[in-house]
Amino acid sequence: MSLDAVRSRAEEALRGVYTGVEEGKGFVAFRVPAERVVEAAEALKSAGFDHVKSVTAVDRPKEGVIEVTYHVSSYSDPELARGIVGITVSLPRDNPRMPSLSRIWVSAEFQEREVFEFFGVVFEGHPDLRPILLIPPLAEKHPLRKDFIVKEEQVYKGGITKLEQPP
Amino acid sequence: MAGVVDTIISWIFWPPLFQLVIAPGLVAALAIVIFILWFERKTAARVQMRVGPYNVSPRLGGALQLIADLIRYSFQEPIIPKTVDTAAFILAPLAMLVISVVPTAAIPVSPLPWTWPIPMEHSLLVALALTTLSPVFLVAAGWASNNKFSVIGSTREAFMVTAYELVFIISLLAVAAPVHSYNLVEIVEAQAGWRMFAILNPLAFLAAFIAILMSTSGFPFEIPESEHEVVAGPFTEYSGLLYGIDMGAAYIKRYVMSVLLTIAFLGGWKPLDPQPGAGLLAGYIAPLVVVLVKATIVMAVMSFFRAVYGRYRLDQAVDLAWRVILPMALAGYALGLIYGYLGVI
Amino acid sequence: MPPRPSRRRVPPYGFLAAVKGNLGAIAVGLKYFLDPNRFTLHYPREYIRLKPGYRGFIVLNKAKCIMCESCARICPAAAMKMVRFQAPDPRRPGKMKLYKYPVINYQRCIFCGYCVDVCPTEALRHVPAHDVVYYNLEEMDLNLEQFQVEPKSPAEVEGGIPVRYVFDPERGLVKVPEKGQAGGG
Amino acid sequence: MSTLRSREARAGPPEEGRLYVGNLDAAARRARELLLGKMKLGKLVDWGTAFSLWPVHFTTSCCGCEFAATWSPRFDAERYGALPWLSPRQTNLIVIEGTVTKKMGCALRLVWEQMPHPKFAIAMGACALDGGIFYNSYNIVRPWEVVPVDVFIPGCPPRPEALARAIVELQRLIREKGVASKWIEEGEREDKPAPIPKEDLCSWWRG
């Protein structure tokens, strides 16, 4: 109920830009093409969404895309604070590049760095695109991509011991 | 034989030496500070429904805890970083320790003239002047450490100095006004019976009490060393014995100021009244013990506040000092002037 | 739910309120100073006996184990592993049989109790011991013999007194000695 | 990082033009022999160190709650003389609580180097021993690879009694093995070598 107002405000701002809508509980996401994301972000910012709550990404190796989602909300407008609006961008997996939104929302800066080091998404125009949590040899491997292998152990310890008597 | 013993006793109890080195000077100060630190930890624990230091000596209730801490500090590695000014870094705590004790030379503990280390007419002023010296070395210690936290802590200490020194001096002058004298002996002699200045002039007493807490980083005003904000304030780089000296010097300063407070406000040796011609025991040791017991009680009350109060911010403390405590001290001084004009004492 | 604007209660302000507040704080401190309600557990001399069902250290009863590997498979930290032995089968003479038993590595065990829950024959069970520490890492990686030995709580071994805490409506938590038997058992 | 100046002075010959006050080196050695050999100072030092373990706590995970509970009124660990202190220069015990990531490993090493000898370390919880449920993570180090750990506490997280037991055991270790007095006798405590050198840990750190 309360999300409807947020949704209508966001739809009004993004009219003509978005290509699809997904809705969850207290959350609505608009799919935006990568080349128009700056335009969409500026429209949302002028509509009153003043900060980014989180920047996340999902690696989909079968479809060959990495989807980057910005969750934006508002502190200044209590009506908009009732819901979270997402803008989702699909990027090609072999060369994920998109314009940085940290010029529009300053709070996106650190989280874009995090997405950069964990998924390898390059944010063009980011003021300081360095790894933030990982240290250099690991930061180039992008550990949250699906093709990064973590070591697993089996349930057996050692080999098989030959005994004369049952243990 | 008896002559030899008498000579030795007279050498030990030679006032300039005895007063500075043994009591109420360095040795008594260290003993009382060790007791007070233990008392402080136990009091805080008691109010917080804990036990406090205990297992080190279960029969004494953990009274040896500070001895253990002292031993551990003495035999730990004294780290002297390469970036510090070595001479100032080492000398500042030592100077602070020595300077903290020096005011006891001006504080008489008995009315008999042969017990005064330096016979002087304005002993209150001299003692006050000497107590204001030690913050300089605390600031120097922080400055010599060449560490941002030390420098911040030193700056906070400097702010606090400007806030409390005036309060302390004015509130102690409120005692000198009604007596028409700066001589501590005359001030004590004026407080006969229950007419001690803590009761006659509670405003000045409270102001002086809070000023002591502020000057020695007592718990509500533990701002220079507040460990949640600046790591350990001016002592961030100090380790081992030097840190022990640093901490000890702050507490010794509090002790010396408590002795001064006892003399000026709480009647000094007053239940006793040594007559001229009294011997060593009745004329020197007994009044000294009374003064030390009173000063210890004052310090114990200060330690109790650790368990009650939270820490002030720097701006709150300075604001409190200038806006509340300073007018209170001035009102106490005015009260002292009225007493002096009316000749109450 | 969006945050609702809360109405802040403004504390009383002014000189008299400050004096009253300070005196009240000192009075409360004095009350606890004079009559402390100290409920500290003197740990090496006293200890809290754990209730049944506490997820303490784990011990194996080898006779009950049916070598199903469920415990090793469910372990989220890969702390429980199966050790394998090949030995003659007592039922079929001349044939060899593969025996598998779990062992545990306390370096990794997070005491979640999944292995105990999943064990179909209750061969694994929790022991009410929780205050065991080690000097080196090697002795934390148990072998099959060590895994069957029931670990003892050092406080119990050293002859501590079991105590328990009850809630007193006036004084809060109060420490009382455990009823019944003292010492171990 | 930091040196004992007297050790530097002892190593080299006295420079010319300096005020040279007797054989300070030999005097110091004789004083040390007298104090340690004849007056049994070592036992006193061990006693003092054992009952004055001031922990600096290196909280990175949930074990910090249990650390707080150990110093709370119910399991008051100040009974052992252990006072939590937030400045590493004045402490002699570090309690490593929880997962140490690779970036935090450098911080752990730096804090460890700030502490004066003799110093001790307690690793608390499954994450600090072998990673716990993060055993196969790409971004953790084991604290015992970074600093020499004296006592290990299993658990996730351990109960406060377990941390209290670790302190009691550490006190026993110090008093039985004489770790603190050994440091005075030999000048340097023999550290178990940490497997990861500092250069690898702090390669990213520009400080």
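Fair warning: this is a prediction, and the values are worked out from it, not measured in the lab.

**Things to note about the overall build of chain A**
Inference 1: Helices and strands together make up the secondary structure of chain A, namely four helices and eight strands.
Inference 2: Beginning at the N terminus, the succession of helices and strands in chain A can be written as α-β-β-α-β-β-β-β-α-β-α-β.
Inference 3: For chain A, the C-alpha radius of gyration of 21 Å lies well beyond 15 Å, the compact-globule estimate for 167 residues.
Inference 4: Based on the C-alpha atoms only, the size of chain A along its principal axes is roughly 80 × 35 × 30 Å.
Inference 5: By residue count, 43% of the 167 residues in chain A fall in the buried class.
Inference 6: Look at the contacts in chain A between residues 6 or more apart in sequence, and 52% of them connect residues 24 or more apart.

**Concerning the interface of chain D and chain C**
Inference 1: Contact residues are listed per partner, giving 30 residues for chain D and 34 residues for chain C.
Inference 2: Roughly 2800 Å² of surface becomes buried between chain D and chain C when both sides are summed, with 64% attributable to carbon and sulfur atoms.
Inference 3: A salt bridge links Arg172(D) to Glu158(C); the nearest nitrogen and oxygen atoms lie 3.4 Å apart.
Inference 4: Seen at the junction of chain D and chain C, the total is nine residue pairs in polar contact (both at pLDDT 80 or more).
Inference 5: The element best represented in the side of chain D that touches chain C is helix H7 (residues 160–177) of chain D, accounting for nine residues.
Inference 6: The class makeup of the residues in the side of chain D that touches chain C is 18 nonpolar, two polar and ten charged.

**Here we look at the pattern of salt bridges**
Inference 1: Enumeration over the complete set of coordinates arrives at 38 salt bridges over all chains.
Inference 2: Note that Glu39(A) is salt-bridged to Arg36(A), the shortest N-O span being 3.0 Å.
Inference 3: Note on Glu39(A): relative accessible area 39%, which makes it partly exposed.
Inference 4: Using a relative accessible area of 29% as the deciding quantity, one classes Arg36(A) as partly exposed.
Inference 5: We note a salt bridge from Arg109(D) to Glu113(D), for which the minimum N-O separation is 3.7 Å. One end of the pair is Arg109(D) and the other is Glu113(D), both in helix H5 (residues 102–114) and four residues apart, which spans about a single turn.
Inference 6: When its relative accessible area of 15% is taken as the criterion, Arg109(D) is described as buried.
Inference 7: Several salt bridges converge on common partners, so that one network encompasses Glu153(A), Lys81(C), Arg108(C), Asp130(D) and Arg142(D).

**Some words on the sheet that holds strand S2 (residues 55–59) of chain D**
All names here are of chain D.
Inference 1: Overall, parallel pairing links the four strands, which are arranged S2-S3-S5-S7 in an open sheet. Single-partner strands in this sheet number two, and they are S2 and strand S7 (151–153). Between one strand and the next, the sheet's axes are offset by a mean angle of 15°, whatever the strand orientation.
Inference 2: Together, S2, strand S3 (93–97) and strand S5 (120–124) form the strand contacts of helix H4 (residues 63–70), whose direction differs from that of S3 by roughly 135°.

**Concerning the packing of aromatic side chains**
Inference 1: Scanning the entire structure with this criterion turns up 24 aromatic pairs over all chains.
Inference 2: Note on Phe305(B) and Tyr309(B): the rings are 5.6 Å apart at their centroids and 75° apart in plane angle, and the pair reads as edge-to-face. As far as the burial class goes, Phe305(B) and Tyr309(B) line up, both buried.
Inference 3: Centre to centre, the rings of Phe67(D) and Trp71(D) are 4.5 Å apart; their planes meet at 25°, and the pair counts as stacked.
Inference 4: Members of the aromatic cluster, connected to one another through ring pairs, are Phe35(B), Trp38(B), Phe39(B), Phe205(B), Phe209(B), Phe265(B), Phe304(B), Phe305(B), Tyr309(B) and Phe33(C).

**Description of the interface of chain B and chain D**
Inference 1: At the interface, 36 residues of chain B touch 37 residues of chain D.
Inference 2: Interface area for chain B against chain D, summed over the two sides, is near 3300 Å², with a carbon-plus-sulfur share of 57%.
Inference 3: Put simply, chain B and chain D have four salt bridges between them.
Inference 4: Arg89(D) is the partner of Glu237(B) in a salt bridge, and the nearest nitrogen-oxygen pair spans 2.9 Å.
Inference 5: Across the contact surface, chain B and chain D share 18 residue pairs in polar contact (both at pLDDT 80 or more).
Inference 6: Secondary structure elements with two or more residues in the side of chain B that touches chain D: helix H4 (65–74) and strand S1 (80–81) of chain B.
Inference 7: Considering each element in turn, the side of chain B that touches chain D owes the most residues, six residues, to H4(B).
Inference 8: Here the residues of the side of chain B that touches chain D sort into 19 nonpolar, nine polar and eight charged.

**Quick notes on the environment of Arg93(A)**
All names here are of chain A.
Inference 1: Within the secondary structure, arginine 93 is located in the loop between strand S5 (84–92) and strand S6 (97–99).
Inference 2: Take arginine 93: its relative accessible area is 17%, and that puts it in the buried class.
Inference 3: Sequence separation between arginine 93 and valine 6 is 87 residues, and the spatial gap between their C-alpha atoms is 32 Å.
Inference 4: Among residues more than four places away in sequence, those in contact with arginine 93 are Asp59, Arg60, Pro61, Gly64, Val65, Ile66, Arg145, Lys146 and Asp147.

**Examining the arrangement of the chains**
Inference 1: By number of contacts, the leading pair among the five pairs of chains in contact is chains B and D.
Inference 2: When C-alpha atoms are compared, chain A and chain B, though not in contact, are closest at a spacing of 25 Å.

**Brief notes about unusual backbone geometry**
Inference 1: Note that the residue after His117(D), namely Pro118(D), is joined by a cis bond; omega there is -10°.
Inference 2: Within the fold, Pro118(D) resides in the loop between H5 and S5.
Inference 3: Between Cys156(D) and Pro157(D) the backbone carries a cis peptide bond, its omega angle lying at -15°.
Inference 4: Tracing the sequence through the fold places Pro157(D) in the loop between S7 and H7.
Inference 5: Residue His180(B) is not a glycine yet carries a positive backbone phi of 60°.

**Quick notes on helix H2 (residues 15–22) of chain B**
All names here are of chain B.
Inference 1: Regarding H2, the residues found buried are Pro15, Phe18 and Gln19. Buried residues along H2 cover an arc of 95° about the axis, so they all sit on one side.
Inference 2: Looking at the buried residues of H2, the elements they touch are helix H1 (2–12) and helix H13 (280–308).

**Some words on the state of the cysteines**
Residue and element names in this part refer to chain D.
Inference 1: With the rule as written, the count across this model stands at one disulfide over all chains.
Inference 2: Note on cysteine connectivity: cysteine 106 is disulfide-linked to cysteine 202, with sulfurs 2.1 Å apart. One quick way to see it: the torsion about the S-S bond of cysteine 106 and cysteine 202 is about 115°, and its sign makes the bridge right-handed. Linking cysteine 106 in helix H5 with cysteine 202 in the segment after helix H9 (198–201), this pair joins segments that are 96 residues apart in sequence.
Inference 3: The class for cysteine 106 is buried, based on a relative accessible area of 1%.
Inference 4: A residue is classified by how much of its surface remains accessible, and cysteine 202, at 11% relative accessible area, is buried.

**A closer look at the packing of helix H5 (residues 86–101) of chain B against helix H12 (residues 241–265) of chain B**
Residue and element names in this part refer to chain B.
Inference 1: Contact geometry of H5 with H12 gives a least axis separation of 8 Å together with a crossing angle of 20°. Between H5 and H12, the angle is such that the two are roughly parallel. Like other packed secondary-structure pairs, H5 and H12 cross with a definite hand, here left-handed. Contacts from Phe89, Ile90, Pro93, Leu94, Met96, Leu97, Ser100 and Val101 of H5 reach H12 at Leu242, Ile245, Asp246, Ala249, Ile252, Lys253 and Val256.

**Observations concerning the sheet that holds strand S2 (residues 27–31) of chain A**
Residues and elements named next belong to chain A.
Inference 1: Reading across the sheet, the five strands line up as S1-S2-S5-S4-S3 and stay open at both edges, with mixed pairing between neighbours. Each of the sheet's edge strands pairs with one partner strand only, and the pair in question is strand S1 (20–24) and strand S3 (51–60). Direction aside, the axes of adjacent strands within the sheet are offset by 20° on average.
Inference 2: Bridge count between S1 and S2: five bridges; the pairing is antiparallel.

**Section: the confidence of the model for chain C**
Residue and element names in this part refer to chain C.
Inference 1: Looking at chain C, pLDDT values average 84 and 93% of them are 70 or higher.
Inference 2: Ranking the helices and strands of chain C by mean pLDDT puts helix H3 (residues 114–118) first, with 90, and strand S7 (residues 172–177) last, with 82.
Inference 3: The ipTM, which scores confidence in the relative placement of chains, is 0.83 for this predicted complex, and the corresponding pTM is 0.84.

**A short note on the nonpolar core**
Inference 1: Judged by nonpolar contacts, the single largest core of 104 residues is most densely connected at Phe168(B), Tyr255(B) and Phe265(B).
Inference 2: The biggest single contributor to this core is H12(B), with 15 residues.
Inference 3: Beyond its immediate sequence surroundings of up to four residues, Phe168(B) is in contact with Leu128(B), Thr131(B), Ala208(B), Ala211(B), Ile212(B), Met257(B) and Leu260(B).
Inference 4: Counting residues in each nonpolar core, the second largest holds 56 residues, with Tyr106(C), Ala123(C), Leu142(C) and Cys106(D) among its members.

**Thoughts on helix H2 (residues 24–38) of chain D**
Inference 1: For H2(D), which comprises 15 residues, the first-to-last C-alpha distance of 20 Å matches the rise-based estimate of 21 Å (1.5 Å per residue) to within 8%.
Inference 2: Lys40(D) sits one or two positions beyond H2(D) and adopts a positive phi of about 55°.

What counts and what doesn't
Residues numbered from 1 in each chain as written. Chains lettered and ligands numbered in written order. Predicted model: local features only at pLDDT ≥ 70, side-chain atom pairs only at ≥ 80, totals over all residues. Heavy atoms only, no water. Helix = DSSP H or I, 4+ residues; strand = E, 2+ residues; numbered from the N terminus. Rg over C-alpha atoms; globule rule 2.2 N^0.38 Å. Buried < 20%, exposed > 50% of the residue type's maximum accessible area, 1.4 Å probe, protein only. Contact = heavy atoms within 4.5 Å. Buried area = accessible area lost by both parts, 1.4 Å probe. Salt bridge = Lys/Arg side-chain N within 4 Å of Asp/Glu carboxyl O. Polar contact = N/O pair within 3.5 Å; in protein donor to acceptor, adjacent residues only side chain to side chain. Nonpolar A, V, L, I, M, F, W, Y, C, P; charged D, E, K, R; others polar. Pairing = 2+ DSSP bridges. Axes fitted to C-alpha atoms, helices over the stretch in contact; angles between N-to-C directions. Phe/Tyr/Trp six-rings, centres within 6.5 Å; stacked < 30°, edge-to-face > 60°. Arc of directions from axis to C-beta. Disulfide = S-S within 2.5 Å. Parallel < 35°, antiparallel > 145°, perpendicular 65-115°, else oblique. Left-handed = near helix turned anticlockwise from the far one by under 90°. pLDDT = per-residue confidence, 0-100. Core = buried A, V, L, I, M, F, W, Y, C linked by side-chain atoms within 4.5 Å. Expected span 1.5 Å × (residues − 1).

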